[in-house]
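Each chain is listed here by its residues.
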Amino acid sequence: MMTNDAAIIARRSGAMLVGLLAAILLAPSSGEAGQQYRAKRMKRVRALVLVDLQNDFMPGGALAVTRGNEVVRVANRLMPHFDAVYASKDWHPANHSSFVEQGGPWPVHCVQNTKGAAFHPALKTKWIKTVVYKGTDPAKDAYSAFEGTDLIQQVVRDKVTGLYFMGLATEYCDKATAMDAQNLKLKKQFGFNVHLLTEGCRAVNVNPGDGQRAIEEMRDSGIIIVDNAAALGL
Ligand SMILES: [Zn+2]
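Here the structure is a predicted model, which means the values were calculated and not measured. (Residues numbered from 1 in each chain as written. Predicted model: local features only at pLDDT ≥ 70, side-chain atom pairs only at ≥ 80, totals over all residues.)

Peer 1: Please clarify how helix α3 (residues 70-78) should be interpreted in this entry.
Peer 2: Residue pairs three or four apart in sequence face the same way in an α-helix, which turns once every 3.6 residues. All of the buried residues along α3 are V71, V72, V74, A75 and L78. Taken end-on, α3 shows its buried residues confined to a sector of 160°, consistent with a single buried face. Packing partners of the buried residues in α3 comprise β1 (46-51), β4 (162-168) and β5 (193-202). (Buried ≥ 20, exposed ≤ 12 C-beta atoms within 10 Å, placed from the backbone. Helix = DSSP H or I, 4+ residues; strand = E, 2+ residues; numbered from the N terminus. Arc of directions from axis to C-beta. Contact = placed C-beta atoms within 7 Å.)

Peer 1: Explain the nonpolar core here, please?
Peer 2: Nonpolar side chains in soluble globular proteins generally cluster together in the buried interior. Grouped together as the largest cluster of nonpolar side chains are 50 residues, with contacts concentrated most on V49, A75 and L163. Residue assignment for this core shows that the elements contributing at least two residues are β1, α3, β2 (84-90), α4 (151-157), β4, α5 (170-183), β5 and α7 (210-220). If we ignore the near neighbours within four places in the chain, the residues touching V49 are Y86, A145, L163, Y164, F165 and T177. (Core = buried A, V, L, I, M, F, W, Y, C linked by C-beta atoms within 7 Å.)

Peer 1: Would you mind going over the confidence of the model for the protein with me for this structure?
Peer 2: Close inspection of predicted coordinates is inappropriate for parts of the model with low pLDDT. Counting all residues, the mean pLDDT for the protein is 87, and 82% of those residues have values of 70 or more. Counting interchain partners and residues more than four positions distant, the pLDDT-below-50 stretch residues 16-31 has 6 contacts. (pLDDT = per-residue confidence, 0-100.)

Peer 1: Looking at this structure, I do not really get α7. What am I missing?
Peer 2: Residues G211, A214, I215 and M218 constitute the buried set of α7. One face of α7 carries all of its buried residues, which in axial projection span an arc of 100°. Residues of α7 that are exposed and point over 90 degrees away from its buried face: E216 and D220. Close packing links the buried residues of α7 with α5, β5 and β6 (224-226).

Peer 1: Sorry, what's going on with the sheet that holds β6 here?
Peer 2: Hydrogen bonds along the backbone pair up the strands of a sheet, which may run parallel or antiparallel. Reading across from one edge, β3-β2-β1-β4-β5-β6 is the order of the 6 strands in this open sheet, with parallel pairing throughout. If you trace the sheet from one side to the other, it starts and ends with β3 (130-134) and β6, each paired once. For this sheet, the mean angle separating the axes of adjacent strands, direction not counted, is 25°. Here β2 pairs with β3 via 5 bridges, running parallel. Note that in β3 the partner of Y86 across the bridge is T130. Across the sheet, α5 touches β1, β4 and β5, and the angle it forms with β5 is around 170°. (Pairing = 2+ DSSP bridges. Axes fitted to C-alpha atoms, helices over the stretch in contact; angles between N-to-C directions.)

Peer 1: Can you walk me through the environment of F57 in this structure?
Peer 2: By the element assignment, F57 lies in the loop between β1 and α3. Here the alpha-carbon distance between F57 and R67, two residues 10 residues apart in the chain, equals 9.7 Å. If we ignore the near neighbours within four places in the chain, the residues touching F57 are D52, L63, A64, V65, G68, L168 and A169.

Peer 1: Is there a simple way to think about the packing of α5 against α7 in this case?
Peer 2: Between two packed helices, the angle of one axis relative to the other and the distance separating the axes together describe the packing. Their axes nearest at 9 Å, the elements α5 and α7 cross at an angle of 10°. Considering the angle they form, α5 stands roughly parallel to α7. Listed contacts from α7 to T170, E171, K175, A178 and M179 of α5 are D210, G211, A214, I215 and M218. (Parallel < 35°, antiparallel > 145°, perpendicular 65-115°, else oblique.)

Peer 1: Mind showing me how you'd approach unusual backbone geometry here?
Peer 2: Glycine aside, the phi torsion of most residues is negative, and most peptide linkages are trans. Going from L168 to A169, the amide bond is cis rather than trans, its omega being -15°. Positive phi is not limited to glycine here, since N113 has a value of about 65°. Relative to the assigned elements, N113 resides in the loop between β2 and β3. Overall, the presence of 8 C-beta atoms within 10 Å leaves N113 in the exposed class.

Structure follows, in structure tokens:
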């Protein structure tokens, strides 16, 4: 049994609850509060992903990409323009299955804790928020920086609205990484856009035109190909 006072308090609390709910529901769509709410949701968060800017992929390295070193200054110029910078490293154990002597396609490269696996010495690493390590399982190769890493968790945690990729090499790890981002279910859920910054990419071109074909494939999948980052204010 409720006393009269208790019943009045219960009714008042009920009314307050209804009022509070109404305020919460109405706030996003009404007046100044609504505009602030929308502005907050629409805040642009741009993140740069540097793919494999390591010595072994630079001229003179074990798996050199022609003119690969040129993209280091592009990375250095771009990094200060972004809200977050992530970098991947190819990071193999010495007996990795992608190496020729294990029956794989590539010469020994980017062995963990070697000079070949280190970033190019001119790369301004102070701008890099986190480094993710791929290809660490001896039995499996990983071209994509999302494969076996927590990169997507970081992208979600940082509320990224635009992802921008560059690095080495265009038709291998750049393509695999950008395509993964483009295809991720999370992309739909969180609605980030995927861009490739071509001035920051160089191709291996085992077959002439491989790099250009990879770019066309990325464009066809809906990735935004940016040839002139300066035009975006980058
Ligand atoms: Zn590798």
